[in-house]
Amino acid sequence: MEIERKWMVNGWPEGLPLKEEFAMRQGYISVRPTVLIREEALTGGKTRYVLCFKSGGGLAREEIERDIDPELFNELETKIIGSPLIPKLRRSYLLPDGAVLEVNHVDEGQPTEFWFNQPIQNIYMAATAIMSLFDALDAIDTVKFSGLEASGWYVESAKEAMESGAMTFAGKYSEPDYETLVDGDCDLAIESTMILHTPKVQEMIEDLGIPVFVDYSSYESHPLGRTEWIKLYGALLNKEEEADTFFDQQAHVIEELKGFENTEKTVAYFYVSTDGSIVVRKSDDYIPSMIEIAGGRYAFKDLKNPDSNAPSVKLTMEEFYATAVDADYLIYNGTIDGQVNSISELEAKNELFSEFKAVKDGNVWYTGKNLYQATDTVGELIKDMHLMLTDGDASQMTFLEKME
C-alpha cells in the first residue's frame, strides 16, 4: 500500500541528514490504470530498472513494482513510450522521529522545472486559463490571489470567490502586488507563458521566496494534451482521482467527435495585432487539431514558428493573404485582441480583408472572450466548428458567433 501526500517546496531542506539520493528517469506507458517504467540510479550504488503498476488515485493506493532488465526497459522506452522520459532527482532525509522525508526535483534546468514535497494553499493564479481546471477539481478554495478583477472572470466560482472576499485581486501577471502576496503567505504562483516576456517579474516573485510554476498547456499540439494538464494539478492538490475521472470524461467526448466526416473546407484562425501583423496558430497546434476533428482543414498546412516553440506565429498581411484569401472560413480569435463583431470592423483593420473569399461568402466568425478561460470544455469549440462547417444551427453554438 502506497500512502502519498505531495507539497511544493523551494529547494532541498537544510539541517537534515541525507539518507540517499537517486537520479531517476520515468515515463508512462498508461495513465489509467497507471503503468510506468522508472530508472533509479543510486548515487554511489547500483542502477535499478523498474516496471510499476498503481491503482486508482487518492491518498492511499496499491503499488506493485517488478525489476526488469535494461534491454526490456530500453524497448519500452523507445518502442512503446517513444518520447523523452521525465528526469527527476530524489533525495531522502532522516527526520528526528525516524521517519523519512522524500524531496523530488523534477525537470531540472527545463522550463517545466518544479520541486515538490507545505500543503499547497494560498495560490496566486496568474494563468487565468487554468482556473477552469481548478474549478473542475473543486479546488477554487486553494486559490487566494487572482490575476484578474472579479469582472474579468467567466468562471463563476472564481467570480463568486472574489465577490465574497475569499479570493483577492493581487495584480495581473506583469504587475503583481508583491506586498499582498507576501503578507498573504502565498505558497505558489501559477503563471502562463506570458510571464516569459517579463522575466524580471518572475525573478522578483522567486526572490520573495514564492515558487513560480509556468503552465505550458497552450503549447500542446492536441486539445486533449492541453486538458491532460489537469492531472498535474490533481497531483499537486492530492486530487488525482478527480483529475483522472475528469480527463477520461473529456477523452470520451473527443473520441465521439472523431466520427465527423471531413468536408475538405479550409479554415483560417487568426487575430490582428496592434502593429497590424496577423497572428495565427502554427500547424501542429491544438487549434488546427480541433479544426481537423470538426471536419475541416487548417488553411496553413506546414506553418512553424521560426523563432521559438510558441504556438502563435506572426505574419505580415501579405503573407497571410497569400494563403488565407481563398480559405472557405475565417475565425477571428477575439480572446486576445478583443472581439471584432462585424465585417466592417474587420475591414477597418485592413481593407484587404474585403477581397477574401470567406468575407465575400459571409463565412466569417469570431470567438467570444470567454473561450480562453474554458480549458475544461474542449469539445464545445469542436462542436461549434462542425456546426459552422456544415451550416448547422448557430443557436446551438457555445463559443462561435457569426460576423454580420
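Quick note: structure is the one above.
Everything in this summary refers to the structure shown in the same document. Here the structure is a predicted model, which means the values were calculated and not measured.

With that settled, consider the packing of aromatic side chains. The full count for this structure, using the stated rule, is 14 aromatic pairs. Relative to F356, the ring of F353 has its centre 5.2 Å away and its plane inclined at 40°; by these criteria the two rings are tilted. Summarising the burial analysis for this pair, F353 and F356 share the class buried. Aromatic rings pair up to connect F270, Y298, F300, F320, Y321, Y332, F353 and F356 into one cluster. Its end group placed over the ring of W12, R91 keeps NZ or CZ at 4.1 Å from the ring centre.

Right, let's talk about the side chain of Q373 for a bit. Take Q373: it is sitting in the loop between β20 (364-367) and α13 (378-389). Taking the relative accessible area as the measure of exposure, Q373 reaches 2% and is therefore buried. A polar contact is formed between the side chain of Q373 and the backbone nitrogen of V155, at a distance of 3.5 Å. Filtering out sequence-adjacent residues up to four positions away, Q373 remains in contact with T128, A129, S132, L148, G152, W153, Y154 and V155.

Turning our eyes to something else, we now look at a negative patch on the surface. Taken together, the side chains of D135, D138, D141, E241 and E242 make up a negatively charged region of the molecular surface. By secondary structure assignment, the location of E242 is in helix α8 (residues 240-257).

This part covers a nonpolar patch on the surface. Taken together, the side chains of V182, M204 and L208 present a nonpolar region at the surface, about 220 Å² in accessible area. Here L208 is to be found in the loop between α5 (199-207) and β14 (212-214).

All right, on to the packing of helix α9 (residues 286-294) against α13 then. Running from amino to carboxyl end, α9 crosses α13 at an angle of 55°, the nearest separation of the two axes being 8 Å. Taken as axis vectors, α9 and α13 run oblique relative to one another. Like other packed secondary-structure pairs, α9 and α13 cross with a definite hand, here right-handed. Facing I287, M290, I291, I293 and A294 of α9, the residues of α13 in contact are V378, L381, I382, M385, H386 and L389.

Judged by nonpolar contacts, the single largest core of 101 residues is most densely connected at F134, F270, V280, F300 and F320. With residues up to four places along the chain from it excluded, the contact list for F134 reads I123, M125, A139, I140, T142, V143, I190, Y233 and L237.

The next subject is the sheet that holds strand β12 (residues 168-169). Strands sit in the order β12-β11-β10-β13-β14 across an open sheet of five strands; the sheet is parallel. Unpaired on one side and paired on the other, β12 and β14 mark the two borders of the sheet. Both strand β10 (residues 123-125) and strand β13 (residues 188-191) contribute to a ladder of three bridges, which runs parallel. Considered in β13, the bridge of Y124 is made with A189.

So, about the side chain of S342. Tracing the sequence through the fold places S342 in the loop between β19 (329-332) and α11 (343-349). Looking at S342, the relative accessible area reads 15%, which means it is buried. Within the local environment of S342, its side chain forms a polar contact with the side chain of S344, the two groups lying 3.0 Å apart.

Reading the values: the criteria
- Residues numbered from 1 in each chain as written.
- Predicted model: local features only at pLDDT ≥ 70, side-chain atom pairs only at ≥ 80, totals over all residues.
- Heavy atoms only, no water.
- Phe/Tyr/Trp six-rings, centres within 6.5 Å; stacked < 30°, edge-to-face > 60°.
- Buried < 20%, exposed > 50% of the residue type's maximum accessible area, 1.4 Å probe, protein only.
- Lys NZ or Arg CZ within 6 Å of the ring centre and 35° of its normal.
- Helix = DSSP H or I, 4+ residues; strand = E, 2+ residues; numbered from the N terminus.
- Polar contact = N/O pair within 3.5 Å; in protein donor to acceptor, adjacent residues only side chain to side chain.
- Contact = heavy atoms within 4.5 Å.
- Patch = residues over 30% accessible without salt bridge, like charges linked within 9 Å, V, L, I, M, F, W, Y side chains within 5 Å.
- Areas by Shrake-Rupley, 256 points an atom, 1.4 Å probe, with all protein chains shown as cover.
- Salt bridge = Lys/Arg side-chain N within 4 Å of Asp/Glu carboxyl O.
- Lys, Arg positive; Asp, Glu negative; His and termini not counted.
- Charge placed at Lys NZ, Arg CZ, Asp CG, Glu CD.
- Axes fitted to C-alpha atoms, helices over the stretch in contact; angles between N-to-C directions.
- Parallel < 35°, antiparallel > 145°, perpendicular 65-115°, else oblique.
- Left-handed = near helix turned anticlockwise from the far one by under 90°.
- Core = buried A, V, L, I, M, F, W, Y, C linked by side-chain atoms within 4.5 Å.
- Pairing = 2+ DSSP bridges.

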